[in-house]
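So you can see what is in the structure, the chains are spelled out below.
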Amino acid sequence: MDKLKRYTLSFIIICLVFSLFGSVFGVSAQGDSPSANQFTQMDTINTDWVIDQTIPESYQKTAENDTYLLYVDHTTLGFKVVDKRSGYVWHSSLDEKLEEDKLNQSWEAFAKSGISINYLDSKAASKRISIMNAEHELTVTPIDMGVDCKLTFTDFGISLSMILKLEPDGVSIEVPFESIQETNPEFRLAVLHLYPFFGATRGGSVPGYMFIPDGSGSLIRFADTTKARNILYYRYYGQDLGVIGRVPWDPFVNPPYVISLPVIGMVHGYKQNAFITVIEKGASYAEIQAHPSGILTNFNFIYNAFIYNQSYFQPTNRAGAGVTTIQQKPNQFDVKMHYRFLTQDESDYVGMAKNYQRYLVEKGVLKKPDQSNKTNIGIRLEFLGAEKEKVLLWMRSISVTTVNQMEAILEDLQIYNPEVIYYGWQPLGASSMPPQALKIDSSLGSLEDLLTLSSNITESGGNLYLYYDPQAAIVGEGGYSKRYDLAMSITIVELFGYHRGKPNNYLNVDAISSNYLSLTQDVWNYETIGLALDEIGYNLYSDFKSGNFFNRESAIQRYREIIAENNNSLAFYSPNAYLFDFMKAYFDMPVSNSGYIYTTDMVPFLQIVLAGYVPFYGKALNFSSDVKMDLLKHVDFGVYPSYFLTHEPTARFLKTNSNWIYTSGYEQWEEEVKTTYSWMNALLAPVIGEEIVAREVLQPGVVATTYANGKQVLVNYTNQTVQIEGTTVNALDAALREVLP
């Protein structure tokens, strides 16, 4: 812990020096140029390309509706979809290998097969086989609008069923878990690969790109070569802490974003043809596998693989010796995916996002809030209430921002619609476990003071949330039983990670339920107080404790049941899609992606999905390394501002776990908050509650985002003033104009 504190203090000093001297010497951390992969590149309509559109005789016409025709090959399980609107044919598999294709026998079989698997043998070694290169039995039975397929890999005793059906928006695929059988004890199903070559293209022969929901969104444009050296793997909803056991902490490393949306996609020709693949069931054990041309083959392809069994290293002594073994129980989940096809003007990342938005609306996940009385944007203001520090043999509370001080700051700001979060409200502050009833630290004020403040915030159009992390069991703190309340990893050790400067174990579902229901039953007695839930929205882990096993699918179901039982006013930090229908606001909205060098563009896919349905707020701008560029991205993406504030200067709590808050004093940030809000409000207030309907790069570094009410936000990321059809946009600035009556 002493080493950890030294690293933390060093990191804080570096950040303070940069923030102070950066402004003194006029240093601009603008980072990448607008041509780099943290921006969106220009698109042009290019029709000078050809892709095979033939349907071989082996494919049988299987189903038809008003929009699509479905053909299925009963030997390979490949399928083809004809989009009647354009005549375009989508291929699920490779029909014929060309001489220039870089495919060995294994890859050729993989490309031509609708289904492939990885199996694990008795030594936990993994090998991939496909329909086209392994002995198998296959029956295909016609059903209404599709086929029911039963497949057995006979040499390995692994069987499964798949249902392929045509539906109004495309094609659905289902694999029920109950259909999976493993009759040979020597082999286990490890990974199921479903249609890996759907929509695959060769090199740069087709203008287009793959979409990955990394951060706000990433594109990988088709090309003959790539900077990637291996297939790209992304686990939906992040790594399973129940399998990896612990999350290493390094203050100098930014972890990648959690993949929060179960959707991928591909464009074949800008404004011509596109599709998205949405996982309805099984995303918690699914993995994106993306292959840009030039890694192992000359094909671009992206698909979902599903993980049923994993090998892991089980230590057998403290010296580190152990054995590699396979999990005792397979991951139990049903698979259901939807291929949804787009054509013409909707065939770009905006159209993909709008199509996924429509899917969520149809499922009842997204609902339009009433924002008719809103004339000003919101702002998230998070305050540190109390912390604790050690004095001799005991701990004492440090008051950082009392309730009355918070009220005075809000009164001074005079900002409309504030989303106010109180962090460290509980007795002894942020580094203590929250109570099971609403009780604030005595140094911060009384409950009556808090209720008065919350009523005033509500009257100003805002909300007051108490920060709450339902999963965290702070190491060394009371309030939970180490024997009964903690989740365990697959290697039977306590889950461990760091969050907000604190070392945490993690609670099991029963403890989460008990604590959450107890606290919310008290909090919901007060209509003007809500909860801002951290970690539970994005930290999805299995629990392998004996007699209390919970896999990730079961955890999602229980989390939803727990929240639904006591759901009043909830906001979430960076939630995964399975909790979208509970959130009143989204906090820590990314305005970037993970920055992998093989991506070509960063796009606001997530923001387009949520725009008009949920207000979203970025990360605290006082921690930004490039405030100017982040502000431009906020306006470009429709993201509202956030700040982390304290009444006391940061030196007051430098020796506590909250020393990660390295700059927050209100006296230092007062003018910045007021100026930022005023600038952003002028640009975004006219589009409150409106959906984003288009986004276009007009010229390198100049972007136009259009809303449903005809207003358009122009953002200039360049160092030169530009003129856009009579509208002047200054360098590193933005402007608002009306483009539709």
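Residues numbered from 1 in each chain as written. Predicted model: local features only at pLDDT ≥ 70, side-chain atom pairs only at ≥ 80, totals over all residues. Heavy atoms only, no water.

Draft legend 1. Just the overall build of the protein, in detail. Scanning the protein from terminus to terminus reveals 11 helices and 43 strands. For the protein, the C-alpha radius of gyration of 27 Å lies close to 27 Å, the compact-globule estimate for 741 residues. Taking the principal axes of the C-alpha coordinates as reference, the protein spans close to 75 × 70 × 45 Å. Counting over 741 residues, the protein shows a buried share of 59%. Restricting the contact set of the protein to residue pairs at least 6 apart, pairs at least 24 apart contribute 67%. Only carbon and sulfur atoms are counted for the fraction: they give 50% of the accessible area of the protein, which is about 29,900 Å². For the protein, the distance from the average site of its 57 positive side-chain charges to the average site of its 81 negative ones is 5 Å. (Helix = DSSP H or I, 4+ residues; strand = E, 2+ residues; numbered from the N terminus. Rg over C-alpha atoms; globule rule 2.2 N^0.38 Å. Buried < 20%, exposed > 50% of the residue type's maximum accessible area, 1.4 Å probe, protein only. Contact = heavy atoms within 4.5 Å. Areas by Shrake-Rupley, 256 points an atom, 1.4 Å probe, with all protein chains shown as cover. Lys, Arg positive; Asp, Glu negative; His and termini not counted. Charge placed at Lys NZ, Arg CZ, Asp CG, Glu CD.)

Draft legend 2. Structural detail: the pairing of strand E17 (residues 263-268). For E17, a buried count of six out of six residues is recorded, marking the element as mostly surrounded by other parts of the structure. Where burial is concerned, the two faces of E17 agree: the one with Val-263, Gly-265 and Val-267 and the one with Ile-264, Met-266 and His-268 are both buried. As defined by bridge partners, strand E14 (residues 208-212) adjoins E17 across four bridges and the pair is classed as antiparallel. Pairing of Met-210 across the sheet is with Met-266, part of E17. The pairing of E17 with strand E18 (residues 273-281) spans six bridges and is classified as antiparallel. (Pairing = 2+ DSSP bridges.)

Draft legend 3. Seen up close, the nonpolar core. Residues Phe-79, Leu-194 and Tyr-356 are the most contacted members of the largest nonpolar core, which totals 212 residues. Those residues within four positions of Leu-194 in sequence are excluded, and the remaining contacts are Gly-114, Ile-115, Met-162, Ile-173, Val-175, Tyr-303, Asn-304, Phe-306, Val-335, Met-337 and Tyr-339. In this structure, Phe-299, Phe-301, Tyr-303 and Ala-305 belong to the second largest nonpolar core, which totals 18 residues. (Core = buried A, V, L, I, M, F, W, Y, C linked by side-chain atoms within 4.5 Å.)

Draft legend 4. The arrangement of the packing of helix H7 (residues 509-523) against helix H8 (residues 552-565) in detail. Running from N to C, H7 and H8 cross one another at 10°; their axes reach a closest spacing of 10 Å. One finds that H7 runs roughly parallel with respect to H8. Contacts from Val-509, Asp-510, Ile-512, Ser-513, Tyr-516 and Leu-517 in H7 reach Arg-558, Tyr-559, Ile-562, Ile-563 and Glu-565 in H8. (Axes fitted to C-alpha atoms, helices over the stretch in contact; angles between N-to-C directions. Parallel < 35°, antiparallel > 145°, perpendicular 65-115°, else oblique.)

Draft legend 5. Quick peek at the packing of helix H5 (residues 403-413) against helix H11 (residues 666-684). The geometry of H5 relative to H11 is characterised by a closest axis approach of 11 Å and an angle of 35° between their N-to-C directions. Crossing hand, H5 versus H11: right-handed. In contact with Ile-409, Asp-412 and Leu-413 of H5, H11 contributes Tyr-666, Glu-670, Val-673 and Lys-674. Looking at the contact of H5 with H11 residue by residue, the class counts come to four nonpolar, no polar and three charged. (Left-handed = near helix turned anticlockwise from the far one by under 90°. Nonpolar A, V, L, I, M, F, W, Y, C, P; charged D, E, K, R; others polar.)

Draft legend 6. The arrangement of the environment of Thr-324 in detail. Relative to the helices and strands, Thr-324 resides in strand E22 (residues 322-326). Separated by 12 residues in sequence, Thr-324 and Tyr-312 place their C-alpha atoms 5.5 Å apart. Apart from the residues within four sequence positions on either side, Thr-324 is in contact with Ala-124, Ser-311, Tyr-312 and Phe-313.

Draft legend 7. View of the pattern of salt bridges. Under the defined criterion, the tally for this structure stands at 33 salt bridges. For Glu-477, the salt bridge goes to Lys-388, with nearest N and O atoms at 2.6 Å. A residue pair is termed long-range when its members are at least 10 positions apart, and Glu-477 in the loop between strand E29 (472-474) and strand E30 (497-499) and Lys-388 in strand E25 (residues 386-391) qualify at 89 residues. Because the salt bridges share partners, they merge into one network encompassing Arg-380, Glu-382, Arg-500, Asp-534 and Asp-588. (Salt bridge = Lys/Arg side-chain N within 4 Å of Asp/Glu carboxyl O.)

Draft legend 8. Looking closely at the side chain of Glu-167. Relative to the helices and strands, Glu-167 is located in strand E9 (residues 158-167). A polar contact is formed between the side chain of Glu-167 and the side chain of His-338, at a distance of 2.6 Å. Other than its neighbours up to four places away in sequence, Glu-167 contacts Asn-65, Tyr-68, Ser-172 and His-338. (Polar contact = N/O pair within 3.5 Å; in protein donor to acceptor, adjacent residues only side chain to side chain.)

Draft legend 9. Representation of the sheet that holds E29 within the structure. Reading across the sheet, the three strands line up as E29-E31-E30 and stay open at both edges, with antiparallel pairing between neighbours. On the outer flanks of this sheet lie E29 and E30, each paired with one strand and no other. Strand-to-strand, the axes of this sheet are offset by a mean angle of 55°, without reference to chain direction. In this sheet, strand E31 (residues 502-506) lies alongside E29 in antiparallel orientation, the contact comprising three bridges. Paired with Ala-472 across the strands is Tyr-506, a residue of E31.

Draft legend 10. Representation of the confidence of the model for the protein in the model. For the protein, per-residue confidence averages 93 on the pLDDT scale, and residues scoring 70 or more make up 95% of the total. Across residues 3-31, confidence stays below pLDDT 50; counting only partners more than four residues off in sequence or on other chains, it has 29 contacts. (pLDDT = per-residue confidence, 0-100.)

Draft legend 11. The arrangement of helix H4 (residues 349-362) in detail. Spanning 14 residues, H4 covers 20 Å between terminal C-alpha atoms, matching the ideal 20 Å at 1.5 Å per step. Across the 14 residues of H4, 11 count as buried, placing the element largely inside the fold. For H4, the full list of buried residues reads Tyr-349, Val-350, Gly-351, Met-352, Ala-353, Lys-354, Asn-355, Tyr-356, Gln-357, Tyr-359 and Leu-360. Near the N-terminus of H4, the side chain that reaches the backbone nitrogen of Val-350, with its oxygen 3.2 Å away, is that of Asp-348. (Expected span 1.5 Å × (residues − 1).)

Draft legend 12. Quick peek at the side chain of Gln-41. Mapped onto the secondary structure, Gln-41 falls in the loop between helix H1 (2-24) and strand E1 (59-64). Using a relative accessible area of 19% as the deciding quantity, one classes Gln-41 as buried. A distance of 3.5 Å separates a polar side-chain atom of Gln-41 from the backbone oxygen of Phe-39.

Draft legend 13. Fine view of the environment of Ala-63. Position of Ala-63 among the secondary structure elements: in strand E1. Owing to a relative accessible area of 7%, Ala-63 belongs among the buried residues under this scheme. Separated by 666 residues in the primary sequence, Ala-63 and Val-729 place their C-alpha atoms 52 Å from one another. Those residues in contact with Ala-63 that sit more than four places away from it in its chain are Tyr-68, Leu-69, Leu-70, Met-145, Gly-146 and Leu-166.

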